[in-house]
Amino acid sequence: MDNWFRSKWFVRVVSLAFAVLFYVFVSVEVNNAPNNADSTFPSGGDSQNLETIDEVPVDIRINNDKYVVSGVPEHVSVSMEGSLSILTPTIKNRNFNVFVDLQGLEAGNHTVELQHDIPEKLDVFIEPKRIEVTIEEKATQEFDVNIDFLHENQLAEGFELGDYEVSPQKVTITSAQSVIDKIGIVKAYVDLNGLDKSINNREVPVNVYDSQGNELNVNVQPENVVVSADINNPSKKVPISVETSGELPKGYELTSISANVEEVELFGTNHVLENIEGISTEKIDLSEITDSGTIEADLALPDGTSAKDIENVEVTVELKQTKTINALPINVESLAEGQEITFADPANSEMDITVTGNPSDIKELTDEDFRAYINVEELEVGEHDVPISVEGPEEVSVEAEFEQATIEISEPE
């Protein structure tokens, strides 16, 4: 054994073996070590790496004035493999293009490969690699623009859509002739939800649909149109009447009842207003009224209408109250000296009177406020029909039970 260690060839062989083992160990560790570096942007070095970029846009190279192309995807996935010193700046700067070159091809269907201008030192894989495209000659045609007003039934209450204008009224659409032939309608949408004022020069986009309602991807010029529309709040003047309920308390009579405003201007849609000939107040309960005066009453506005600057009116109520005063004595005036008088009718020389007037004037009256009498001046002995006069406050009217009295004048023996 000692002789082996003294042999220089033995030492060389053992050293070589250790070197090989160390190399294998390091290689295995490096290949199995986790890659903590950013896979999209490697830090550098000349080792090989593979990167994939999604959503790479595809350019179309063709005479755009003459042709329209369909079948070209908007984006593709591109994988690149190569030295990190080339791969890293290429990915970071995105200084490359993916395109399909259709120049020189005629109208029709073609199978073509996607191309790129990525540096040749990188291996490039594009998915998809080949695509089916259709080249069609470009066509241009004018179409009327239809305005579709959304949520018209959700305008502010009482408002409605009036006249409107769109500018321009026509747009120019460019696409393949086969697409042009599919166009069913050209629309611009205007949302009316909650509006209570007119639309002035609102710019809205133009949409193109086929006859089935599917939106078509075409070139529209101009892309937007300008819409102005009248949002009206129609009005109508109608008379006001006073609505009542219940009955006045006993002894009261309604002389008149009226609002301090004869008519009101109602606002609403024409459809709502056309059948309205007048409005009333909310019902006034007569059973709670015992005096003339003024009360406030809300307007009973029909559904879908409003009355600007007025919510209620003043209602003037005129009442009269009737009160009976019983057994008012009938006085005798100017009876000659030496004469006597006897009442035949009314036999008890008294009568009832009915007093009518404003409740405020009536309520405190008593029999002391009235005087009934007959004047018998220059009447001779005998039976007479004499008118009965009644005096009382001027602000009330009086109806007597009897208009005249039948009396007997005599002279004592």
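The notes below deal with the structure included here. (Residues numbered from 1 in each chain as written. Predicted model: local features only at pLDDT ≥ 70, side-chain atom pairs only at ≥ 80, totals over all residues. Heavy atoms only, no water.)

**Quick word on the pattern of salt bridges**
Here the structure, examined in full by the defined rule, presents 7 salt bridges. Glu-277 is the salt-bridge partner of Lys-236, the closest N and O atoms lying 4.0 Å from each other. Of this pair, Lys-236 sits in strand S16 (residues 235-241) while Glu-277 is found in the loop between helix H5 (270-273) and strand S20 (279-281), placing the two residues 41 residues apart along the sequence. Judged by its relative accessible area of 60%, Glu-277 is exposed. Glu-253 is the partner of Lys-320 in a salt bridge, and the nearest nitrogen-oxygen pair spans 3.6 Å. (Salt bridge = Lys/Arg side-chain N within 4 Å of Asp/Glu carboxyl O. Helix = DSSP H or I, 4+ residues; strand = E, 2+ residues; numbered from the N terminus. Buried < 20%, exposed > 50% of the residue type's maximum accessible area, 1.4 Å probe, protein only.)

**Structural notes on helix H3 (residues 84-93)**
Within the span of H3, buried status applies to Leu-84, Leu-87, Thr-88, Thr-90 and Ile-91. Where the residues of H3 are buried, they touch strand S1 (48-61) and strand S3 (75-83). Positive phi shows up at Arg-94, right after H3, with a value of about 50 degrees. (Contact = heavy atoms within 4.5 Å.)

**What to know about the environment of Gly-357**
Among the secondary structure elements, Gly-357 is positioned in strand S25 (residues 350-357). The class of Gly-357 is buried, set by a relative accessible area of 9%. Distance from Gly-357 to Leu-319, taken between C-alpha atoms, is 8.1 Å for residues 38 residues apart in sequence. In contact with Gly-357, not counting residues within four places along its chain, are Leu-319, Lys-320, Gln-321, Ile-362 and Val-396.

**Description of unusual backbone geometry**
In this model, Ser-167 is joined to Pro-168 through a cis peptide bond whose omega is -5 degrees. With respect to the helices and strands, the residue Pro-168 is situated in the loop between strand S10 (160-167) and strand S11 (170-176). Non-glycine residue Ala-327 carries a positive phi angle of around 55 degrees. Its location among the elements puts Ala-327 in strand S23 (residues 312-333). With a phi close to 55 degrees, Ser-349 is a non-glycine residue in the positive phi region. Tracing the sequence through the fold places Ser-349 in the loop between strand S24 (340-345) and S25. Ser-349 gets classed as partly exposed once you look at its relative accessible area, which sits at 26%.

**Observations regarding the nonpolar core**
Counting 33 residues, the largest nonpolar core has Ile-173, Val-186, Leu-192 and Val-225 as the members making the most contacts within it. Only strand S8 (130-144), strand S9 (146-150), S10, S11, helix H4 (177-180), strand S12 (183-191), strand S13 (199-210) and strand S15 (224-232) provide two or more residues apiece to this core. Setting aside residues up to four positions removed in sequence, Val-186 forms contacts with Phe-143, Asp-144, Val-145, Asn-146, Val-171, Ile-173, Val-206, Asn-207 and Val-208. Of all hydrophobic cores here, the second largest spans 25 residues; its members include Val-56, Tyr-67, Ile-131 and Val-133. (Core = buried A, V, L, I, M, F, W, Y, C linked by side-chain atoms within 4.5 Å.)

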